[in-house]
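Results of the structural survey
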Amino acid sequence: MQPELTPAVLASLRRPRHYPAVSVLVPTHRRKPDNAQDPIRLRNLLADAAKELEADPAVTPERRQDVLGQLDLALAEIDLDHAEDGLAIFASPGEHHVCSLPRTVPERVVLADTYLTRNLVAAYTAEQPYWVLAVSADRAALWRGDARRLVEQHTAGFPLTRSLDDPDAERKERIGDLPSTYRDERTRQFLRQVDTALGEALAPTARLYVAGEQAAVTLLNEVGTATEHAVPVPHGGLANAGAEAVREAVGPAVTAQEEQSVAATVADIERARGWKEFAAGVDEVWEHVAAGRVRVLVVEEHFRTTVRQDGDHLVPAEPGDLDAHDDIVDEIVERALEMGAEVRFVPDGTLPEGTGIVGIMRY
């Protein structure tokens, strides 16, 4: 399976490919009895992809066999017993990728010179990932979390470790010059190393929590800059802990920050309404997003709707209707990000008048 979505993974998947780049989107189910249909739907869509490859005169026999082989390899990687809400399967000459998504996707087979990634972009944005640095005097571990899981990261040298043994400890103790752990220069050097690695691993805007003894968190802030905007979680013993212990320790801080963020978003919307810099509903928001007028796009977490284009407007449609857009919300999210807008997801029922999606205007 594809490694977890990150900005780097998304950027790699969005780059142009040699034709044909095949995208197969498959809605899946987490539980019985709905998941009984998933294997049949998956094989039918892959069969549709094979038919489209066979019927396309622009695809040479060599490339057709290459891509069909890649689709077979992708199928062998899929474990529907642990499915989420959707699958994205990508195949092109010489490569394939499989992504499991916590958001539903429409059934779709597309042949192009790029992969169809808008559902991945929306899924990544909706996850609202956060990072946890668990630090002590001799170890620093980096974790990536979201609503579903917390996974330790092995990047930029993490986890970083060192020995606390001081070869000169006996002499220093005899002369009364043995400093405490967090006053020791070797500890300061180690935490500088942690700060440098953290700067390499994360963007300055990353949502970061720093968990450790108060002395460790304070010293880390003193010796570097990578944690200056992080939320401190004064809790020792986590640098060597497992995912469940780390998640439990930072959980209250994560929840509190999410609640503050939602409250701030609601306040921003009310101010925008007062200044008449506010758009609501799919049709109105889509128009403003396409024109680059939206500064902040706000979407309820599970808001989905199907529409079709009627002239210059989007109107409600039934799934499966001719020219229907089943994933219009994901399209809007990706377009907003392309136009430089900030995208925020909020709990269902947060937005006014049951709109599900609103935009705060730049002007």
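Preceding this section is the structure that the text describes.
Attention now goes to unusual backbone geometry. Between Tyr19 and Pro20 the backbone carries a cis peptide bond, its omega angle lying at 5°. Even without being a glycine, Gln128 presents a positive backbone phi close to 50°. Along the chain, Gln128 falls in the loop between helix 4 (118–127) and strand 5 (130–135). Given a relative accessible area of 27%, Gln128 falls into the partly exposed group. Despite not being glycine, Lys276 shows a phi value in the positive range, around 55°. Its location among the elements puts Lys276 in the loop between helix 8 (243–274) and strand 11 (278–280). Residue Lys276 is classed as exposed on the basis of its relative accessible area, which comes to 76%.

Time to look at the pairing of strand 13 (residues 307–310). As judged from the four bridges shared by strand 13 and strand 14 (residues 313–316), these two strands associate in the antiparallel manner. Of the residues in strand 14, the one forming a bridge with Val307 is Pro316. Hairpin remark: strand 13 followed by strand 14, antiparallel, with two residues in the connecting loop; positive phi at Gly311, about 70°.

To continue, consider the sheet that holds strand 15 (residues 342–346). Spatially, 11-16-12-15 is the arrangement adopted by the four strands of the open sheet, whose pairing is mixed. The open sheet has two edge strands with one neighbour each: strand 11 and strand 15. Averaged over all adjacent pairs, the angle separating strand axes in this sheet is 20°, with direction ignored. With five bridges joining them, strand 12 (residues 294–300) and strand 16 (residues 357–361) adopt antiparallel strand pairing. Of the residues in strand 16, the one forming a bridge with Val299 is Ile357. Those strands touched by helix 10 (residues 328–338) are strand 12, strand 15 and strand 16, and its axis lies near 150° from that of strand 12.

Helical periodicity: at 3.6 residues per turn, an α-helix aligns residues three or four positions apart in one direction. Within helix 4, ten of the ten residues are buried, which leaves the element mostly enclosed by the surrounding structure. Where helix 4 is concerned, the buried positions are Arg118, Asn119, Leu120, Val121, Ala122, Ala123, Tyr124, Thr125, Ala126 and Glu127. Count one or two residues on from helix 4 and you reach Gln128, which has phi positive near 50°.

With that settled, consider the packing of helix 1 (residues 7–14) against helix 4. Orientation of helix 1 relative to helix 4, taken along the N-to-C sense of each, is 170°, at an axis distance of 11 Å. One element, helix 1, and the other, helix 4, form an angle in the roughly antiparallel class. Here Pro7, Leu10, Leu13 and Arg14 of helix 1 lie close against helix 4, whose contacting residues are Leu120, Val121 and Tyr124. A class-by-class count of the residues in the contact of helix 1 with helix 4 yields six nonpolar, no polar and one charged.

What follows covers the pattern of salt bridges. With the rule as written, the count across this model stands at 28 salt bridges. The residue Glu152 makes a salt bridge to Arg139 at a minimum N-O spacing of 3.8 Å. With Glu152 in strand 7 (residues 150–153) and Arg139 in strand 6 (residues 139–145), this pair connects stretches of sequence that are 13 residues apart. Judged by relative accessible area, which is 22%, Glu152 ranks as partly exposed. For Glu258, the salt bridge is made with Arg207, and the minimal N-O distance between the two is 3.0 Å. In this pair, Glu258 is assigned in helix 8 and Arg207 in the loop between helix 6 (185–201) and strand 9 (208–212), connecting sequence segments 51 residues apart. Taking the relative accessible area as the measure of exposure, Glu258 reaches 35% and is therefore partly exposed. It is possible to trace a salt-bridge network through shared partners that takes in Glu84, Glu127, Arg144, Asp146 and Arg148.

Here we take up helix 3 (residues 61–77). Spanning 17 residues, helix 3 covers 25 Å between terminal C-alpha atoms, matching the ideal 24 Å at 1.5 Å per step. Turning to helix 3, its buried residues number three or more, namely Arg64, Val67, Leu68, Gln70, Leu71 and Ala74. For helix 3, the arc enclosing every buried residue in end-on projection is 160°, short of the 170-degree limit, so these residues lie on one face. Structural note: helix 3 exposes Glu62, Gln65, Asp72 and Ala76 on the side pointing more than 90 degrees away from its buried face. As for helix 3, its buried residues are in contact with strand 1 (21–27), helix 2 (38–55), strand 2 (86–92) and strand 3 (95–101).

Calculation rules
Residues numbered from 1 in each chain as written. Predicted model: local features only at pLDDT ≥ 70, side-chain atom pairs only at ≥ 80, totals over all residues. Heavy atoms only, no water. Helix = DSSP H or I, 4+ residues; strand = E, 2+ residues; numbered from the N terminus. Buried < 20%, exposed > 50% of the residue type's maximum accessible area, 1.4 Å probe, protein only. Pairing = 2+ DSSP bridges. Axes fitted to C-alpha atoms, helices over the stretch in contact; angles between N-to-C directions. Contact = heavy atoms within 4.5 Å. Parallel < 35°, antiparallel > 145°, perpendicular 65-115°, else oblique. Nonpolar A, V, L, I, M, F, W, Y, C, P; charged D, E, K, R; others polar. Salt bridge = Lys/Arg side-chain N within 4 Å of Asp/Glu carboxyl O. Expected span 1.5 Å × (residues − 1). Arc of directions from axis to C-beta.

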